[in-house]
Amino acid sequence: MEHTPAVRQPVSRRRLLTGAAGVAAAGTFAGALAAPLPAAAARDGHGLRLVRWDENPGRLQYYRFATDAIEWDPAVNVLLPDGYHTSGKRYPVLYLLHGGAADFRHFHLHENIINLTAGREIIVVMPDASTGWYSNPVSSNAGPRNWETFHMAQLLPWIESNFRTFPEYNGRAVAGFSMGGFGALKYTAKYYGHFCSVSSHSGPASLRRDFGLVVHWANATSAAMDLGGGTVYGVPFWDEARVNADNPMQRIESYRNKRIFLVAGTSPIPVDFWDRINEEQVLAGQREFRAALGRAGIPFEWREPSGGHVFRHDLFIQDLNGMLGRLRRAG
């Protein structure tokens, strides 16, 4: 569940020593060792103002921000590698993006991400995205919902200012499930120099196929769940420049010299309309995308497991192994 400290106050290593760990460190309990402390207190910056947070000696850290990019206060979970607080090392970063109708807690609460990444030397950043399709929308009736600005112009540099990362191309990977898989493909192409590895787990890769079904779906779901009737791409007429910029199928050359990992299920539940329409569209779009990559001579990895629209832990582990093989090693 969400951590809920109420008020932001200055935090420092010295201040934290006044707690139980400080008592132990002072020798009150003979022979006791202080628990590791957070390496440093995160600070405001890059358009983000901390309003709630939980910095602790464990792996999972929580932050919530006020930002002009989003009407409400979006949050992020930052999952640190084992030993981060004491190692002094720098680490590569995975930006892991959730699907629609979810939030920043999805991979923590529903996908066992802490255990899936145990012992791996990588920082995992899991931000809010609502059902905003990782975009700055054409219109919003619910105040600012500029998720692309929040993620790419604010959160990414904030992470690199507050954690020991490699702020470079070979230090960042991006992956996602469903809508988040689309977001990963979009951000990788649109921000070419940011991510050396991209992974889409059951994420759509083609916006225009089947008379633009994914665009219509993005418009409908964002209108209902994020934008108060506004849309990501415009209705009844699309903002064609935005569709072109966001469509992986129209950005094939932008995937050159990157590691690419794609997953789509081949047998969604026949009687589950949403599972079937989601994964059938994902599978067809990913096959179209893979064919285009192949024609361009761009290598990629792909999996077509049985089943429908789900995040597969075993394939995430395979993916994570590949990411760590491509990313700069911690050190």
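Figured I'd write up the structure that's included with this text. (Residues numbered from 1 in each chain as written. Predicted model: local features only at pLDDT ≥ 70, side-chain atom pairs only at ≥ 80, totals over all residues. Heavy atoms only, no water.)

**Observations regarding the overall build of the protein**
At step 1: Counting secondary structure elements, the protein contains eleven helices and nine strands.
At step 2: In the protein, once contacts between residues fewer than 6 apart in sequence are set aside, the share between residues at least 24 apart is 71%.
At step 3: Per element, the accessible surface of the protein, about 13,800 Å² overall, is 55% carbon and sulfur. (Helix = DSSP H or I, 4+ residues; strand = E, 2+ residues; numbered from the N terminus. Contact = heavy atoms within 4.5 Å. Areas by Shrake-Rupley, 256 points an atom, 1.4 Å probe, with all protein chains shown as cover.)

**Remarks on the side chain of T231**
At step 1: Take T231: it is sitting in the loop between α8 (209-225) and α9 (240-246).
At step 2: Owing to a relative accessible area of 8%, T231 belongs among the buried residues under this scheme.
At step 3: Within the local environment of T231, its side chain forms a polar contact with the backbone nitrogen of G234, the two atoms lying 3.0 Å apart. (Buried < 20%, exposed > 50% of the residue type's maximum accessible area, 1.4 Å probe, protein only. Polar contact = N/O pair within 3.5 Å; in protein donor to acceptor, adjacent residues only side chain to side chain.)

**Here's the deal with unusual backbone geometry**
At step 1: In this structure, P236 follows V235 across a cis peptide bond, with omega equal to 0°.
At step 2: Looking at the secondary structure, you find P236 in the loop between α8 and α9.
At step 3: Positive phi, normally seen in glycine, also occurs at W133, with a value near 60°.
At step 4: Looking at where W133 falls in the secondary structure, it is placed in the loop between β5 (123-127) and α6 (147-162).
At step 5: A relative accessible area of 5% places W133 in the buried class.

**Concerning the side chain of S197**
At step 1: When you line up the elements, S197 lands in strand β7 (residues 197-201).
At step 2: S197 gets classed as buried once you look at its relative accessible area, which sits at 0%.
At step 3: At 2.9 Å, the side chain of S197 forms a polar contact with the side chain of R259.
At step 4: Setting aside its immediate chain neighbours within four residues, S197 contacts R172, A173, V174, R259 and M323.

**Considerations on the sheet that holds strand β3 (residues 75-79)**
At step 1: Pairing is mixed across the open sheet formed by nine strands, whose spatial order is β1-β2-β3-β5-β4-β6-β7-β8-β9. Strand pairing shows two members of the sheet lacking a second neighbour, β1 (49-54) and β9 (301-303), which therefore form its edges. If you compare each strand with its neighbour and ignore which way they point, the axes differ by 15° on average.
At step 2: Where β1 lies against strand β2 (residues 60-66), five bridges are found, and the strand directions are antiparallel. Its bridge partner being in β2, R49 is matched across the sheet by A66.
At step 3: Sheet strands in contact with helix α7 (residues 179-190) are β4 (93-97), β6 (172-177), β7 and β8 (259-263), and its direction is about 150° off that of β6.
At step 4: In the packing of helix α10 (residues 273-295) onto the sheet, contacts are made with β7, β8 and β9, and the angle to β8 comes to roughly 150°. (Pairing = 2+ DSSP bridges. Axes fitted to C-alpha atoms, helices over the stretch in contact; angles between N-to-C directions.)

**Concerning the packing of aromatic side chains**
The geometry of an aromatic ring pair is captured by two quantities: the separation of the ring centres and the angle between the planes.
At step 1: Using the criterion set out here, one finds 20 aromatic pairs in the structure.
At step 2: Between the aromatic rings of Y84 and F163, the centroid separation amounts to 6.4 Å while the plane-to-plane angle is 55°, which identifies the pairing as tilted. Taken together, the positions of Y84 in helix α3 (residues 84-87) and F163 in the loop between α6 and β6 put the pair 79 residues apart, joining distant regions of the chain. With respect to class, Y84 is no different from F163; both count as buried.
At step 3: Taken together through their ring pairs, the aromatic side chains of Y63, F65, W72, Y84, Y91, W147, F150, W158 and F163 make up a single cluster.
At step 4: Over the ring of Y192 we find K258; its NZ or CZ atom is 4.2 Å from the centre of that ring.
At step 5: Of note, R290 hangs over the ring of W302, and the distance from its end group to the ring centre comes to 4.0 Å. (Phe/Tyr/Trp six-rings, centres within 6.5 Å; stacked < 30°, edge-to-face > 60°. Lys NZ or Arg CZ within 6 Å of the ring centre and 35° of its normal.)

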